Structures are given as C-alpha cells and as structure tokens.
Amino acid sequence: MRFEHAPAAHYGDFASGDVLYSAPGHPGFPVRLTLELFERARLLTGRSRVGVWDPMCGAGGIVTTLGLARGEAITQILATDISGDATTLAAKNLELLTDEGLRRRARLLAKRSDARAEVVERLRERRRGASPITTHVSVLDVTRTIDVGLLPLGGIDIVIADLPYGGQTAWSSGAQHPPLQMLQHLRAHLSRHSVIVLCSNRRMDFAELPGSLRTFKHGKRIIKFYRGDAS
C-alpha cells in the first residue's frame, strides 16, 4: 500500500509506551498507518470533520493517536472493548487529549527526570487552542447487536478496528464467526455515508465477509474498507 496522506516522518511522539500509557497484552498499532487509514476513510465519508469509533480499542492507542495528531478533523471519539482493564487504560490515554491530562502526564514523567516530558510539551502545543473532542469509553462486546444498539452512534462517521490475531490478543466473544457478526452489527447501526476499516494479519478473518469497498495490504496486514448501512 502506498502512503498518500501520511508522509515519511518521525512519529515517535505518538508511539505507545512513550507518552501514551501502555501495558502488557495491549500491542500498539503503527502510527503512520493509523493516520493513512484515517485520512483515506475521511475522504470516503465526504466530511471534513468526523466522529471516530474503535470498537476493539485495547489501550486506546489508535483513537488517542488520531485525537493528538488529527484533532482538528475529529468531533468525537468512541472507544469500546470487551475488557474492562482495556477500557480503563483507554480512558487514561484519551485524557491526554485535554490540557489537564497532558499536564498530569508531564508531572509524572518529570518526577522520573524523564526526557519524554519534552514530548508532552510538544503535544500540548499541538492541542493548544484546538476545539475539545468529546470522548466516550465503555465496556462492550461488538459482536452482540444489543450492546451495539445502546451506543451513541449518531455522530460516528469512521470505525477503525485492528482485529485480534492471537499471541497478545484474542477474541473473547462467544460468537461463531466474530468478524462477520461484528461487521453485520456495525453496518446495521451506522449511517450510509460512514466507513468501516478492518485490519487483520489473518486471511481467515475475512473468509466469510462480503466484498469490500477497498482492499489493501501492508506488510502482513490485510485492510478492508466497508460502507455502513448495508440495507
């Protein structure tokens, strides 16, 4: 996949485990790829500012990165996960989208005489004067339609999900084919203009899914774009 919207650059300020909070079992997602997929999806929505949802957010790295790096194009962020521990960590990371959250992180790093405190100041400068981003974090099984139907999805335009692939992450749902049921529920509750981006390094995850709007490959990852509202 060619990068058209995220040029080669140093993205270390947004790396998981640097300023963003991290924990074992919550692998990061490549920052440059995050930005590229977001911009491609945003163009497909036809909207300049969008609401973003990561339904399998883990530590919240994808949505926090987008809020910090592309905050001017984001109205709201929704982060959900089947794990309560994951959503607790995601909530801490999404606090970094506020000045108070960044100042708190800077104080913590400064106590350790940590050079990463300088990174926090750069991130504060990026967010200075920016419009606030509404965030919502909750525990949810995205393969259960009753759970998805309870979410505030009216302003969600883009869904980005890095599917579990074994090793550090795995499906916890009891669904027979979680990727298919997840996509069906997403499409049933999202508007027609919305875009769903699914990433996996396992081809089998897409075996039963319908044809996609776009398909890309990046390294071992397969990336598929879908429209919301399949009706």
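Everything that follows concerns the structure shown earlier in this document.
Residues numbered from 1 in each chain as written. Predicted model: local features only at pLDDT ≥ 70, side-chain atom pairs only at ≥ 80, totals over all residues. Heavy atoms only, no water.

In this section: the overall build of the chain. Secondary structure assignment for the chain yields seven helices and seven strands. When its helices and strands are written in sequence order, the chain yields α-β-α-β-α-α-α-β-α-β-α-β-β-β. Taken over C-alpha atoms, the radius of gyration comes to 17 Å for the chain, in line with the 17 Å a tight globule of 231 residues would show. Viewed in the frame of its principal axes, the chain has a C-alpha envelope of about 50 × 35 × 35 Å. Evaluated residue by residue, the chain yields a buried proportion of 52% over its 231 residues. For the chain, contacts bridging at least 24 residues in sequence account for 75% of all contacts bridging at least 6. On the chain, roughly 10600 Å² of surface is accessible, and the fraction owed to carbon and sulfur atoms is 50%. (Helix = DSSP H or I, 4+ residues; strand = E, 2+ residues; numbered from the N terminus. Rg over C-alpha atoms; globule rule 2.2 N^0.38 Å. Buried < 20%, exposed > 50% of the residue type's maximum accessible area, 1.4 Å probe, protein only. Contact = heavy atoms within 4.5 Å. Areas by Shrake-Rupley, 256 points an atom, 1.4 Å probe, with all protein chains shown as cover.)

Let us look at the packing of helix H1 (residues 31-45) against helix H2 (residues 61-69). Look at H1 against H2: their axes get within 10 Å of each other, and the N-to-C directions meet at 75°. Classified by the angle between their axes, H1 and H2 sit roughly perpendicular to one another. Along the contact surface, H1 presents Val31, Thr34, Leu35 and Phe38, while H2 presents Ile62, Thr65, Leu66 and Ala69. Here the residues of the contact of H1 with H2 are counted per class, giving six nonpolar, two polar and no charged. (Axes fitted to C-alpha atoms, helices over the stretch in contact; angles between N-to-C directions. Parallel < 35°, antiparallel > 145°, perpendicular 65-115°, else oblique. Nonpolar A, V, L, I, M, F, W, Y, C, P; charged D, E, K, R; others polar.)

Tracing the chain through its elements places Glu100 in helix H4 (residues 99-111). Within polar-contact distance, the side chain of Glu100 engages the side chain of Arg103 at 2.7 Å. (Polar contact = N/O pair within 3.5 Å; in protein donor to acceptor, adjacent residues only side chain to side chain.)

In terms of burial, strand S1 (residues 50-54) is a largely internal element, five of the five residues being buried. Residue alternation in S1 divides its side chains into two sets, Val50, Val52 and Asp54 and Gly51 and Trp53, and both sets are buried. Judged from the five bridges that link them, S1 and strand S2 (residues 74-81) form a sheet pairing that is parallel. Bridging from a neighbouring strand, Trp53 pairs with Leu78 of S2. Handedness of the crossover joining S1 and S2 through H2: right-handed. Where S1 meets strand S4 (residues 158-162), two bridges bridge the pair, whose relative direction is parallel. For Val52, the partnering residue across the bridge sits in S4 and is Ile158. (Pairing = 2+ DSSP bridges. Right-handed = clockwise from strand over helix to strand, strands pointing away.)

Turning next to the packing of H2 against helix H5 (residues 116-127). With their axes 9 Å apart at the nearest point, H2 and H5 run at an angle of 65° to one another. Contacts between H2 and H5 involve Gly67, Leu68 and Ala69 on the former and, on the latter, Leu123, Arg126 and Arg127. Here the residues of the contact of H2 with H5 are counted per class, giving three nonpolar, one polar and two charged.

The next thing to look at is H1. Here H1 spans 21 Å end to end across 15 residues, near enough to the 21 Å set by a 1.5 Å rise per residue. Of all the 15 residues making up H1, 11 are buried; the element is thus mostly covered by neighbouring parts of the structure. Of the residues trailing H1, Gly46 is marked for its positive phi of about 80°. (Expected span 1.5 Å × (residues − 1).)

What follows deals with the environment of Thr98. Checked against the element boundaries, Thr98 lands in the loop between helix H3 (84-94) and H4. On the accessibility criterion, Thr98 (41% relative accessible area) is partly exposed. Sequence spacing of Thr98 and Pro132 is 34 residues, and the spatial spacing of their C-alpha atoms is 7.5 Å.

As for its position among the elements, Gly71 is in the loop between H2 and S2. You can call Gly71 buried: its relative accessible area is 4%. Considered as a pair, Gly71 and Pro132 are 61 residues apart in the sequence and their alpha carbons are 8.5 Å apart. When sequence neighbours within four positions are dropped, the list of residues in contact with Gly71 reads Leu66, Arg127 and Ile133.

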